[in-house]
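Residue strings, one per chain:
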Amino acid sequence: MRHQTCFVIASVLSAAFTGAVCAQTPAAGEWKTSARWHRSLKKAVPGTLVIDKDGVEFSSVKFMRRWAFVEIHSFDLSAKELTLTSYQNRHWHEPGEQRFQFTMGEPIPPEIAAQLTERVGKPVRNEVPLPSVAALSEIPAHHRMWAGGSNGTLRLKDNGIDYVTENGRDSRAWRWADIQTIANPNPYELRVSGYREIVEFDLKQPMPRYLFEILWDHLYASGLNLPAVGVEQR
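Cut-off values and rules
Residues numbered from 1 in each chain as written. Predicted model: local features only at pLDDT ≥ 70, side-chain atom pairs only at ≥ 80, totals over all residues. Heavy atoms only, no water. Pairing = 2+ DSSP bridges. Helix = DSSP H or I, 4+ residues; strand = E, 2+ residues; numbered from the N terminus. Axes fitted to C-alpha atoms, helices over the stretch in contact; angles between N-to-C directions. Contact = heavy atoms within 4.5 Å. Buried < 20%, exposed > 50% of the residue type's maximum accessible area, 1.4 Å probe, protein only. Arc of directions from axis to C-beta. Polar contact = N/O pair within 3.5 Å; in protein donor to acceptor, adjacent residues only side chain to side chain. Core = buried A, V, L, I, M, F, W, Y, C linked by side-chain atoms within 4.5 Å.

**Student:** Run through the sheet that holds strand 9 (residues 137–144), naming residues and quoting values.
**Tutor:** Here we have seven strands laid out as an open sheet, ordered 12-11-10-9-15-14-13, and antiparallel in their pairing. Looking at which strands have only one partner, the edges of the open sheet turn out to be strand 12 (172–175) and strand 13 (179–183). The sheet shows a mean angle of 25° between the axes of neighbouring strands, direction not considered. Pairing between strand 10 (residues 149–157) and strand 11 (residues 160–165): six bridges, direction antiparallel. Residue pairing in the sheet places Leu156 in a bridge with Ile161 of strand 11. Contacting strand 9, strand 10, strand 13 and strand 14 (189–194), helix 3 (residues 209–221) crosses the sheet at an angle of about 160° to strand 13.

Written as structure tokens, this is what we have:
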């Protein structure tokens, strides 16, 4: 009898604990973190940043703003920084569109960064690659810059190109939708010309010509309905 009573109590406590955990678990695809909204010439505003299936939201004591994905023109994203560009014009007839810069309290998970990128759809600048996606090939590379640069690995994938560094700084995740052109002047160079930036790499190992042709086909030929190689033409 005593063992049965203990079992019942344990079951009740377990169910209560499970219910409490489920109540605190965010909805699928939702992520939130503490954040600070940086305003030019004004003190940063602390609040909460939420990314869910419908858009992006920032709320504080005196300010709340929500952007549906269709209203987001583009964004720049690193592990703990998000600069969101909306279609709304700046105040007082200033040129350009409104930008909202946030520093996040926690690093954004790569899965959430990938979801945000896909849901916005338009070309963006994402510095948080998703490591779980299989690569066709990996090539050690150096990102060439006017001052300094970085060392990392190019991960060439079916759905785009990633550049991954050891500390995460200067990493990139380009979908084909983010890339305008690619160039391989010689086996030891690769140029990625995105809609948001142009990046040049020195390759530490040569890129085989067939591999570049695969990338070329993914970028240029996917929507052209071109016949497969080897198909007899009539």
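**Student:** Any chance you could break down helix 2 (residues 110–120) for me, citing the residues and the numbers?
**Tutor:** Every buried residue belonging to helix 2 is among Ile112, Ala113, Leu116, Thr117 and Val120, and all of these are buried. Along the long axis of helix 2, the arc covered by the buried residues comes to 140°, so they all point the same way. Looking at the buried residues of helix 2, the elements they touch are strand 1 (31–38), strand 2 (45–51), strand 3 (55–59), strand 5 (72–77), strand 8 (125–126) and strand 12.

**Student:** Lay out unusual backbone geometry with the relevant residues and their values.
**Tutor:** One non-glycine residue, Asp170, lies in positive phi territory at about 75°. Tracing the backbone through its elements, the reader meets Asp170 in the loop between strand 11 and strand 12.

**Student:** Let's hear about the side chain of Glu197: which residues, and what values?
**Tutor:** With respect to the helices and strands, the residue Glu197 is situated in the loop between strand 14 and strand 15 (198–203). Within polar-contact distance, the side chain of Glu197 engages the side chain of Arg125 at 3.0 Å. Residue contacts for Glu197: discarding those within four places in its chain leaves Arg125, Arg172, Trp174 and Val192.

**Student:** Could you give an account of the nonpolar core, naming the residues involved and the relevant values?
**Tutor:** Core analysis: the largest hydrophobic core is formed by 25 residues, its most contacted members being Val56, Leu77 and Ile108. Of all the secondary-structure elements, those providing two or more residues to this core are strand 1, strand 2, strand 3, strand 5, strand 6 (81–89), strand 7 (97–104) and helix 2. It is helix 2 that contributes the most residues to this core, four residues altogether. Once residues within four sequence positions are removed from consideration, Leu77 is found in contact with Leu82, Met104, Ile108, Ala113, Leu116, Arg125, Asn126, Glu127 and Val128. The next biggest cluster of nonpolar side chains, apart from the first, holds 20 residues, and it includes Ala141, Leu156, Trp176 and Phe212.

**Student:** Tell me about the pairing of strand 5, and please be specific about residues and values.
**Tutor:** The side chains of a regular strand alternate, residue by residue, between the two faces of the sheet. Where burial is concerned, most of strand 5 is hidden: five out of the six residues are buried. Bridge count between strand 5 and strand 8: two bridges; the pairing is parallel. Residue pairing in the sheet places Leu77 in a bridge with Asn126 of strand 8.

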